[in-house]
Amino acid sequence: MQKTKIPARLSRRSALALSTFGLVALGAMQVFAAADTLKIVVGFPPGGGTDLVARALAEQLRKASGRAVIVENRPGAGSNIASDAVARAVPDGNTVLLGGNFSHAINPHLYTHLTFDVQRDFTPLTRVNYGPFLFAVRKESPIHSFTQLIDQAKSAPGKFTYGSSGNGTPQHLAGSWLEKTTGAQFLHVPYKGGAPAVMALLGGEIDFLAGSIAVLSPQIAAGALRPLAVTSAKRWPTVPDVPAMLELGVQDFDLYIWLGLWLPAGVPSDKLAELFAMFRGAIESATVQEILTREGLTPSPSESPEEFAAFAASEYALWGKIVKSSGARVE
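The text that follows walks through the structure, step by step, so that each part is easy to find. (Residues numbered from 1 in each chain as written. Predicted model: local features only at pLDDT ≥ 70, side-chain atom pairs only at ≥ 80, totals over all residues. Heavy atoms only, no water.)

**Examining the packing of aromatic side chains**
Pairs of aromatic rings are described using the distance from one ring centre to the other and the angle between the two planes. The line we're drawing: Two aromatic rings from Phe, Tyr or Trp, using only the six-membered ring of Trp, form a pair when their centres are within 6.5 Å; if the ring planes differ by under 30 degrees the pair is stacked, by over 60 it is edge-to-face, and anything between is tilted. Secondary structure elements are taken from DSSP: a helix is a run of H or I of four residues or more, a strand is a run of E of two residues or more, and numbering for both begins at the N terminus. Burial here depends on accessible area, computed with a 1.4 Å probe over protein chains only, as a share of the maximum for the residue type. Under 20% is buried, over 50% is exposed, and the range in between is partly exposed. Remark: a charge is flagged as sitting over a ring if the NZ atom of Lys or the CZ atom of Arg is within 6 Å of the ring centre and within 35 degrees of the ring normal.
For the structure shown, the criterion picks out 18 aromatic pairs. Aromatic pair Tyr 162 and Phe 186: ring centres 6.4 Å apart, planes at 85°, arrangement edge-to-face. With Tyr 162 in strand 5 (residues 161-164) and Phe 186 in the loop between helix 6 (170-182) and strand 6 (187-190), this pair connects stretches of sequence that are 24 residues apart. There is no split in this pair, since Tyr 162 and Phe 186 are both buried. Each ring, one from Trp 236 and one from Tyr 256, has its centre 5.8 Å from the other, and the planes form 50°; the classification is tilted. Linking Trp 236 in the loop between strand 8 (225-230) and strand 9 (256-264) with Tyr 256 in strand 9, this pair joins segments that are 20 residues apart in sequence. Of the two residues examined, Trp 236 and Tyr 256, each falls in the buried class. The structure contains a cluster of three or more aromatic residues connected by ring pairs, namely Tyr 130, Trp 236, Tyr 256, Trp 258, Trp 262, Phe 308 and Phe 311. In this structure, Arg 127 packs its charged tip against the face of Tyr 130, placed 5.1 Å from the ring centre. Taking NZ or CZ as reference, Arg 127 lies 4.5 Å from the ring centre of Phe 311, over its face.

And the structure:
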């Protein structure tokens with residue numbers, strides 16, 4: 001086959017025009033590629049539990065789809081900065097928020113002034129994982145059962161202290177709801193994060209702690225902490241020897257920590273269906289399941305975006321009641 005030759009009479013202006021066209025075309029391809037990048041926004045710094053989940057999902061999505069997927073950390077204000085960024089994003093399906101009960105069930109009731117509405121400005125996609133809190137004491141504690149803790153706290157109101165990762169956090173509210181549902185009175189001691197709260201418990205600064213299974217399990221396995229109760233209505237599969245609240249006689253106490261994914265409001269239905277299939281496939285992959293399970297998290301993708309929307313709405317109502325009962329507010 002004879003090669004096509006550029007005529008010798010091609011002017012310098014024409015050659016420059018063709019060259020410019022090539023650069024423009026290349027630039028358009030790069031812009032398209034950048035626009036097609038899927039961004040998972042996280043409201044916490046790199047290295048934490050939520051960030052770990054986001055990076056596991058991103059890696060699996062890259063492998064499965066060949067698409068560019070990045071994690072963008074926007075820490076601050078209890079994840080509200082990240083939520084605001086996604087609420088304002090273009091609803092083209094390229095921006096996803098990894099939030100949870102903190103962002104979409106607690107913060108709307110806790111913060112006085114939010115720049116977004118969690119029910120109006122987001123499209124629910126799917127739940128990622130789901131699990132109860134554990135109430136635990138250190139191994140040296142004279143408290144050996146949940147019933148003993150409640151009985152002694154009632155006999156000495158305000159004497160027993162519990163820690164949390166900060167005012168208005170799920171851990172704080174779980175302790176506050178424990179007071180409401182049992183009639184016991186405790187003294188809340190907030191710390192700047194979950195790790196300092198665990199260290200405070202291990203060091204004897206506080207009497208007990210409400211924490212996630214993921215955070216407390218390693219210390220329980222090492223024998224440093226003693227679990228007293230799990231906040232689910234029934235015993236939890238990953239800690240089957242720990243009694244649940246209902247069997248301990250505590251009614252209306254079915255609390256969970258969970259993560260979920262949201263898109264900006266207005267994402268087209270076909271794009272929503274595509275992303276749901278992608279993310280559910282990633283959550284159900286052996287790699288992500290192994291990572292979540294290793295971290296003490298129970299993978300639990302939703303059956304559909306509609307099912308997740310209904311779940312998130314019920315959690316919004318529940319945590320609203322708990323926040324109101326606690327009296328916690330953040331300006």
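Picking up where we left off.
**Considerations on the pattern of salt bridges**
Heads up, the condition is: Throughout this description, the term salt bridge denotes a Lys or Arg side-chain nitrogen within 4 Å of a carboxyl oxygen of Asp or Glu.
Scanning the model with the defined rule gives 12 salt bridges in all. Taking the shortest distance from any N to any O, the salt bridge between Arg 88 and Asp 84 comes out at 2.9 Å. Where Glu 284 meets Arg 280, a salt bridge forms, and the shortest distance between an N and an O atom there is 2.9 Å. Placement of both Glu 284 and Arg 280 in helix 9 (residues 269-284) is noted, with a separation of four residues, approximately one turn of the helix. Residue class for Glu 284 comes out partly exposed when judged on its relative accessible area of 42%. Of the residues examined, Arg 280 reaches a relative accessible area of 19% and is grouped as buried. Ionic contacts of the salt-bridge type, sharing partners, join the residues Lys 39, Glu 72 and Arg 74 into one network.

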